[in-house]
Each structure stands twice: as C-alpha cells, then as structure tokens.
Amino acid sequence: MAKLVGCKVEEVALMNGLTVNLHLQLLSFYKPTSTRCKILLEAKAFPSDHYAVESQIRFHGLDPKENMLFIHPRQDEETLRTEDILDVIERQGSSISVILFSGIQYYTGQLFNIPAITKAGHAKGCFVGFDMAHAVGNVELHLHDWNVDFACWCSYKYLNSGAGGLAGAFIHEKHAQTIKPALTGWWSHEFKTRFCMENELKLSEGVNGFRLSNPSILLVCALHASLEVFNQTTMKDLRKKSILLTGYLEYLVRYNFSPDKTDPKKPYVNILTPSKFEERGCQLSLSFSVPVKAAYKELEKRGVACDIREPNVLRIAPVPLYNSFHDVFRFISILGPAINSANTSKVGDNNKL
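Notes on the structure follow. (Residues numbered from 1 in each chain as written. Predicted model: local features only at pLDDT ≥ 70, side-chain atom pairs only at ≥ 80, totals over all residues. Heavy atoms only, no water.)

1. So, the overall build of the protein
Tallying secondary structure elements over the protein gives 10 helices and 11 strands in all. Dimensions of the protein, computed from C-alpha atoms along their principal axes, come out at roughly 75 × 45 × 35 Å. Evaluated residue by residue, the protein yields a buried proportion of 49% over its 353 residues. Total accessible area on the protein stands at roughly 17,200 Å², and carbon and sulfur atoms take up 54% of it. If you average the places of the 39 positive and of the 36 negative side-chain charges in the protein, the two averages end up 3 Å apart. (Helix = DSSP H or I, 4+ residues; strand = E, 2+ residues; numbered from the N terminus. Buried < 20%, exposed > 50% of the residue type's maximum accessible area, 1.4 Å probe, protein only. Areas by Shrake-Rupley, 256 points an atom, 1.4 Å probe, with all protein chains shown as cover. Lys, Arg positive; Asp, Glu negative; His and termini not counted. Charge placed at Lys NZ, Arg CZ, Asp CG, Glu CD.)

Right, here's the structure in full:
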C-alpha cells in the first residue's frame, strides 16, 4: 500500500472505514482557536467528508455555517481552477485550521494539484489533508514527498476489495512525535509489548498509534488479494495506459456525440472532466441532453456497468488494470443506441402530456 500512495511503510495504516479514519485524524489535526477555526473544502465534497467536517466543527461547539469555508467553480464552469483555490488560501489562510480536499473530485473527476495546495496551505500555517478515495490505484501519488499532513481512503473503488472494504490512513512522519491520537485502543499500543497486558499504554508512533482494534480477517484477505495484483505492475505503467485509454474514450465521445448544429434534435453528450490528463484520472463524467436516468437504464440493459451520480452525471471509468481499448470501443458503439432509445422515450413521454 505504501508504494501505491507514495509514502514510507511506517506512515500508512490499514484500518476501519474511510469516514472513521477521517474523524480520528480530524480529532487530532483540527484544533480550532479563536482566530484559526475554519476548515476549507470544495463546495461539492463527497457527502461523507462534508458530514464529517460539519460534525467535527459542532463537536468543538462551533457553527458549521461560520466555519466551513467552501470553494465554488466560477460561473458556468464545472471544475475548480487551481489559481482560485490558491487565491482563497492566500486571502483567508490565517483563519483556516485545516484544508481538506479530495485527491480526485468524485463528481467531476478533476484531479487537484495536491503539491500546490499543500505548499500554499503550509505557507499560511494550515494543516493540509486529502480524501484519496478516487485517487488511490488511479493516479500516481507521492504523499510523503508532497509533504501532505494526512490522508485517508477506502479500498473498494480502484483497489477492488469490495464495498465496505478495509480503509487506509496516512500521517506524515514529521508528525510522529507531535500529533497524538485523541482516542486509543489496544492496537494503539506498540506491537512488541502489546501482549504483556500491563495496561500501561506505550503508544505506537505516527499513524500506527491511531489504530484501535484488530481488523476483520475477511476484509484483510480481500484487500491483500488486490494488492498482490498491484504488486505485479507499477502505478507508473498503469498511469501510462490510463492516459491513453481515457484519451481514446474522450476522443470517441467528442467525435460521435458532440452537439450537431445541423441536427439540433440529435442527442449529445457533454464531458465535465478536464481535458488535460494532468488534471484527471481515468474517469470521465458525462452529462446528456437526454434524461440521465434513462440513459443509465438503457446502458444497463445493454450490459454496461457504469455509475450514476445525481443530479446529472454518469461516471465512465476505463480502468487500466482490467479494461482494454476494445472495451472503450464497444462502450461507444453501445452508447449511441442507448441515448437514442433514451431520447425516443423522452419524446414519447412528452407526446403523452
């Protein structure tokens, strides 16, 4: 796992679920003061992150409406500009305690500039953490070298361990002596004396001190099997293939399904995800001129496994570990009839009105 996230072995722990790990980390990193009490996050953060931040602020007796600071895209834009993120940090950083961003934004598929955000946050005295749920196993990560303070992720997306699989947590080694867990358990105790049963806590250093209890063997086995597969390749090689796969998908979508001025009734597809490969992983977020739920149902009928996200997006992710260029080609050949059928249903429904 350390290789996948770009850190030292002693900086990573496999434990709990993503939101549990985020709470444990925020309990130690979010220490609001009278002047530095805000948490900065993207406006459409994944709900679990949003709720965790909201509840952590309430836990300290503060008002989330005053202490959750959101960054929104510019008008008529879907994704955030790095310069706008850095500008908010520069202007308001003195009031920000923690910056918490996604590595990759779940809805748009945007890959954030993690090193730039981290550097800017540290320059203003903020702790900087990331939810890497959609980034781990998807893009190359260098959490240690980027100097990220903390991160957490699940393992049931690109790590393939199954829904509810064992999650991961990272805390940079520079905090090993200074950041302590607010909650401890038996597994927080250093391994070599854990079974002495003396009930005098000898806290493990760094992220290992944040462990609470023994993880489920079934969850460990599922993740272990996935990591064995990843050990047969490298993220560098997977990323090379991913850039080509998603680039091929983008090209075919734009070529076949862009708006046609000569045929305004023809259904079309928009891509929310940035075109630059440096700003995305393997996912493309697609919106449609036809109802997204109808498009999803038509694709599902035709055997396509994809993902719908409200209010209007299908997430299409050709994963380099197991998807091929032929898979992308087949998807495009299916997408046309699917959205045409969805469009026909839409017209039929309108005629009934």
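2. Points about the nonpolar core
In terms of nonpolar packing, the biggest core is built from 42 residues, with Met1, Leu40, Ile99, Phe101, Ile117, Met132 and Trp153 touching the most fellow members. Apart from the residues lying within four places of it in its own chain, the contact partners of Leu40 are Leu69, Ile71, Val88, Ile89, Ile96, Val98, Ile99, Leu100 and Phe101. Ranked by size, the runner-up nonpolar core spans 27 residues in total, among them Leu24, Cys37, Ala52 and Phe150. (Core = buried A, V, L, I, M, F, W, Y, C linked by side-chain atoms within 4.5 Å. Contact = heavy atoms within 4.5 Å.)

3. As for the sheet that holds strand β3 (residues 68-71)
Spatially, the 7 strands line up as an open sheet ordered β1-β7-β6-β5-β4-β2-β3, and their pairing is mixed. Each edge of the open sheet is held by one strand with a lone partner, namely β1 (12-14) and β3. Across this sheet, the average inter-strand angle for adjacent strands is 20°, counted without regard to direction. In this sheet, strand β4 (residues 96-102) lies alongside strand β2 (residues 38-42) in parallel orientation, the contact comprising 3 bridges. Its bridge partner lying in β4, Leu40 is registered against Ile99. (Pairing = 2+ DSSP bridges. Axes fitted to C-alpha atoms, helices over the stretch in contact; angles between N-to-C directions.)

4. Brief notes about the layout of surface pockets
Of the volumes computed, that of the largest pocket is approximately 730 Å³. Residue lining of the largest pocket: 25 residues in total, with Ala305, Cys306, Arg315, Ala317 and Asn323 positioned closest to the centre. Breaking the lining of the largest pocket down by element, the ones donating at least two residues are β10 (307-309), β11 (313-316) and α10 (325-352). Residue contributions to the lining of the largest pocket peak at 5 residues, all from α10. Tallied by class, residues from the lining of the largest pocket come to 14 nonpolar, 4 polar and 7 charged. (1 Å grid on protein atoms, 1.4 Å probe; cavity = no way out; pocket = protein on both sides within 12 Å on 5 of 7 lines; lining within 4 Å. Points joined across faces, edges and corners; volume = space filled by probe spheres on them. Nonpolar A, V, L, I, M, F, W, Y, C, P; charged D, E, K, R; others polar.)

Any link to function would need more than the numbers given here.
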